[in-house]
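A closer look at the structure
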Amino acid sequence: TVLSAMRRPQLICLGLSHQTASVELREQAACTVEDLCSLQHYSDIQQPHSNVHEFVLLSTCNRFELYAVVAEEVTDPRSALLAFLTASTPVDPALLNEHLYMLVGMDAAEHLARVAAGVESLVLGESQILGQVSRAYSNAVENHTLGPVLDATFRMAIRAGKRVQAETSISCGSVSISSVAVGMAERVRGSLSQQ
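Residue positions within a chain follow its written sequence, with the count starting from 1. Per-residue local features of the predicted model are confined to residues with pLDDT of at least 70, and side-chain atom pairs are confined, for both listing and counting, to 80 or more; whole-chain, interface and lining totals are unaffected and use all residues. Neither water nor hydrogens contribute to the side-chain values; these are computed over all heavy atoms in the structure.

1. A closer look at the side chain of His111
Selection rule: Numbered from the N terminus, helices here are DSSP runs of H or I no shorter than four residues, and strands are runs of E no shorter than two. Any N or O atom pair separated by 3.5 Å or less is treated as a polar contact, with the protein-specific requirement of one donor-capable and one acceptor-capable atom, and with residues adjacent in sequence counted only for side-chain atom pairs. Contact between two residues is taken to exist if any of their heavy atoms lie within 4.5 Å; hydrogens are not considered.
By the secondary structure assignment, His111 is in helix α6 (residues 106-117). Within polar-contact distance, the side chain of His111 engages the side chain of Glu65 at 2.6 Å. His111 has contacts with Cys13, Arg63, Glu65, Tyr67, Tyr101, Leu103 and Glu120, leaving out every residue within four places of it along the chain.

Shown next as structure tokens:
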């Protein structure tokens, strides 16, 4: 049958984070789902990026990640997704490629769950990231770039993030970069109420 002859798609995360790239490079690489949608036409198999079946873009101040499902016949998903990204950004593909990380399959899904839980944040347990993951998911729904694989993956990650925040003490204490900065300033300068 046609279904049995179909190959399984690949779940890929291609990204930059505070661990791999400067703020300047992350800002240069940033684009929107709408930018990528202008390249993507799911109904026309002749489009150059037709092997990208679904995608979600997670863009925050500390990370820029493209979660995508690509056809299994794509032998070099890193290059295919790099071309997909750089078609709508001014950044040099070679420079971007030096700083990108790529995760495949379950590694990509586990990474997303860790991101949603705040484990991969610059400040451990940062609570804003869960809302940012949820917004990225909603944006993909609104732009019709979500399919069954990423729908299930993002739902799982959001559930995991909520559970980690509810059942652990990960988000106790300073949970944002600004709160850490204020805490450090108060330790050095004392009370900042008159500053």
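2. What about the sheet that holds strand β3 (residues 63-70)?
Going by this rule: Strand pairing is assigned whenever DSSP identifies at least 2 bridges connecting the two strands. With axes taken as lines fitted to C-alpha atoms, and helix axes fitted only over the stretch in contact, angles between N-to-C directions fall between 0 and 180 degrees.
Pairing within the open sheet is antiparallel, and its four strands lie in the order β2-β3-β1-β4. Since the sheet does not close on itself, it has two edges, and those belong to β2 (52-59) and β4 (101-104), each with one partner. Put simply, the sheet's adjacent strands are angled 15° from each other on average, direction ignored. Pairing geometry for strand β1 (residues 10-17) and β3, over eight bridges, is antiparallel. Across the sheet, the residue bridging to Ser17 is Arg63, located in β3. Against the sheet, α6 engages β1, β2, β3 and β4, with an angle of about 145° to β3. Each of β2 and β3 is contacted by helix α7 (residues 128-142), which is oriented at about 145° to β2, the strand it contacts most.

3. Some remarks on the nonpolar core
Across soluble globular proteins, nonpolar side chains show a tendency to be buried alongside one another. To be explicit about the condition: Here, the term nonpolar core denotes a set of buried Ala, Val, Leu, Ile, Met, Phe, Trp, Tyr and Cys residues that are joined through side-chain atoms within 4.5 Å. For every residue, the accessible area (1.4 Å probe, protein chains only) is compared with the maximum for its type, and the residue is labelled buried under 20%, exposed over 50%, or partly exposed between those bounds.
By size, the foremost hydrophobic cluster in this structure holds 24 residues, and its most contacted members are Leu36, Phe55, Leu66 and Leu81. Residue assignment for this core shows that the elements contributing at least two residues are β1, α2 (23-29), α3 (33-37), β2, β3 and α4 (77-86). Listed in part, the 23 residues of the second largest apolar core include Ala108, Val133, Ala136 and Phe154.

4. Structural notes on the packing of α6 against helix α8 (residues 148-167)
We apply this condition: Here roughly perpendicular refers to angles of 65 to 115 degrees, roughly parallel to angles under 35, roughly antiparallel to angles over 145, and oblique to all remaining angles. Note: crossing handedness is left-handed where the near helix turns anticlockwise from the far helix by less than a right angle, and right-handed where it turns clockwise. Residues are grouped as follows: nonpolar covers Ala, Val, Leu, Ile, Met, Phe, Trp, Tyr, Cys and Pro; charged covers Asp, Glu, Lys and Arg; every other residue, Gly included, is treated as polar.
Two elements in contact, α6 and α8, have axes separated by 8 Å at closest approach and are oriented at 40°. Here α6 lies oblique to α8, going by the angle between them. For α6 against α8, the interelement crossing comes out right-handed. Residues Ala109, Leu112, Ala113, Ala116 and Ala117 of α6 lie in contact with α8, whose contacting residues are Thr153, Phe154, Met156, Ala157, Ala160, Gly161 and Val164. Within the contact of α6 with α8, the residues separate by chemical class into ten nonpolar, two polar and no charged.

5. Here we look at the environment of Arg63
Structurally, Arg63 can be placed in strand β3. Note on Arg63: relative accessible area 4%, which makes it buried. Separated by 48 residues in sequence, Arg63 and Gly15 place their C-alpha atoms 7.3 Å apart. At 2.9 Å, the side chain of Arg63 and the side chain of Glu65 are in polar contact. At 2.8 Å, the side chain of Arg63 forms a polar contact with the backbone oxygen of Glu120.

6. What about the packing of aromatic side chains?
Just so we agree on the cut-off: Each Phe, Tyr or Trp ring (for Trp, its six-membered ring) is paired with any other whose centre lies within 6.5 Å, and the angle between the two planes then decides the class: stacked below 30 degrees, edge-to-face above 60, tilted in between.
The full count for this structure, using the stated rule, is three aromatic pairs. Both rings, one in Phe55 and one in Phe84, keep their centres 5.3 Å apart while their planes meet at 75°; by these two values the pair is edge-to-face. Placement of Phe55 in strand β2 and of Phe84 in helix α4 is noted, with a sequence separation of 29 residues between them. Each of the two residues, Phe55 as well as Phe84, counts as buried. Measuring from centroid to centroid gives 6.4 Å for Tyr137 and Phe154, while their planes differ by 20°, and the two rings are stacked.

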